[in-house]
Amino acid sequence: MFNFNLENIEIPDYDKQLETQDIHKLGTIAQSLGLSGIEDNLDVAIEIESNLANHGDNRYHKARHSILLAELLIDKEEYSKAKEILDGIQYNSQNSFLFAAHDKLVKYLVVFFS
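On a predicted model such as this, the values are computed, not experimentally measured, just so you know. (Residues numbered from 1 in each chain as written. Predicted model: local features only at pLDDT ≥ 70, side-chain atom pairs only at ≥ 80, totals over all residues. Heavy atoms only, no water.)

Moving on, we get to helix 3 (residues 59-75). With 17 residues, helix 3 should reach 24 Å at 1.5 Å per residue; the first-to-last C-alpha distance of 24 Å fits that figure. By the burial criterion, the buried members of helix 3 are His61, Ala63, His65, Ser66, Ile67, Leu69, Ala70, Leu72, Leu73 and Ile74. Looking at the buried side of helix 3, the elements it contacts are helix 1 (20-34), helix 2 (39-53), helix 4 (79-87) and helix 5 (96-112). Put simply, Asn58 is the residue that caps the front of helix 3, since its side-chain oxygen is 2.9 Å from the backbone nitrogen of Tyr60. (Helix = DSSP H or I, 4+ residues; strand = E, 2+ residues; numbered from the N terminus. Expected span 1.5 Å × (residues − 1). Buried < 20%, exposed > 50% of the residue type's maximum accessible area, 1.4 Å probe, protein only. Contact = heavy atoms within 4.5 Å. Polar contact = N/O pair within 3.5 Å; in protein donor to acceptor, adjacent residues only side chain to side chain.)

It is worth spelling out the nonpolar core at this point. Judged by nonpolar contacts, the single largest core of 25 residues is most densely connected at Ile46, Ile48, Ile67, Ala82, Leu86, Ile89 and Leu105. Taken together, the elements giving at least two residues each to this core come down to helix 1, helix 2, helix 3, helix 4 and helix 5. If you tally residues by element for this core, the top one is helix 3, at seven residues. Those residues in contact with Ile89 that lie beyond four places of it in its chain are Ala63, Ser66, Ile67 and Leu98. (Core = buried A, V, L, I, M, F, W, Y, C linked by side-chain atoms within 4.5 Å.)

So, on to the packing of helix 3 against helix 4. Relative orientation of the contacting elements helix 3 and helix 4 amounts to 165 degrees, with a least axis distance of 8 Å. One finds that helix 3 runs roughly antiparallel with respect to helix 4. Handedness of the crossing formed by helix 3 with helix 4: left-handed. Judged by residue contacts, Ser66, Ile67, Leu69, Ala70, Leu73 and Ile74 of helix 3 engage Tyr79, Lys81, Ala82, Ile85 and Leu86 from helix 4. Tallied by class, residues from the contact of helix 3 with helix 4 come to nine nonpolar, one polar and one charged. (Axes fitted to C-alpha atoms, helices over the stretch in contact; angles between N-to-C directions. Parallel < 35°, antiparallel > 145°, perpendicular 65-115°, else oblique. Left-handed = near helix turned anticlockwise from the far one by under 90°. Nonpolar A, V, L, I, M, F, W, Y, C, P; charged D, E, K, R; others polar.)

Our focus in this paragraph is helix 5. Given 3.6 residues per turn, any residue in an α-helix points the same way as the ones three and four places further on. An ideal rise of 1.5 Å per residue puts 24 Å on 17 residues; helix 5 measures up with 24 Å between its terminal C-alpha atoms. Three or more residues of helix 5 are buried, namely Leu98, Ala101 and Leu105. The arc that holds every buried residue of helix 5, seen down its axis, measures 65 degrees, which confines them to one face. Exposed and facing more than 90 degrees away from the buried side of helix 5 are Phe99, Lys107, Val110 and Val111. Contacts made by the buried residues of helix 5 are with helix 3 and helix 4. (Arc of directions from axis to C-beta.)

The next thing to look at is the pattern of salt bridges. Applying the stated criterion to the full structure yields seven salt bridges. Close ionic contact of Lys76 with Asp43 constitutes a salt bridge, the shortest N to O distance being 2.6 Å. One end of the pair, Lys76, is in the loop between helix 3 and helix 4; the other, Asp43, is in helix 2, and 33 residues separate them in sequence. The class of Asp43 is partly exposed, set by a relative accessible area of 32%. Overlapping salt bridges bring together Glu39, Asp43 and Lys76 as one network. (Salt bridge = Lys/Arg side-chain N within 4 Å of Asp/Glu carboxyl O.)

Turning to the layout of surface pockets, a few remarks are in order. Estimates place the volume of the largest pocket at around 430 Å³. Considering the residues around the largest pocket, the lining is formed by 19 residues, among which Tyr60, Ala63, Arg64, Ile67 and Asn95 are closest to the centre. The set of elements that each furnish at least two residues to the lining of the largest pocket consists of helix 3 and helix 5. Sorting elements by how many residues they give to the lining of the largest pocket places helix 3 first, with eight residues. Here the second largest pocket is characterised by a volume of approximately 220 Å³. Among the elements that make up the lining of the second largest pocket, the one with the highest residue count is helix 1 (six residues). Split into classes, the residues belonging to the lining of the second largest pocket amount to two nonpolar, ten polar and two charged. (1 Å grid on protein atoms, 1.4 Å probe; cavity = no way out; pocket = protein on both sides within 12 Å on 5 of 7 lines; lining within 4 Å. Points joined across faces, edges and corners; volume = space filled by probe spheres on them.)

Given below as structure tokens:
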């Protein structure tokens, strides 16, 4: 089983001047922590993705990290925040991740309001 212990992971501090390699490292760490199922890890992943979703001016990069952030928020049952983020992403029929995140949100909302 994979060990999601935060003590052994060096998480670089976010800075607007981070180089591409460190941005990728942060994204990888956020995804790993988000998948761990541990509440504290999920909070750290949300913090990382919040920063990455606003980093730079590449629209694809921002959309990708916004989608990941929305999915993490869905996992925390913060549905309105997730919906707001997803609704703010420009629709692209080729973006299957956006479609999947919207689908996940709708399924959770149906269960939540049933």
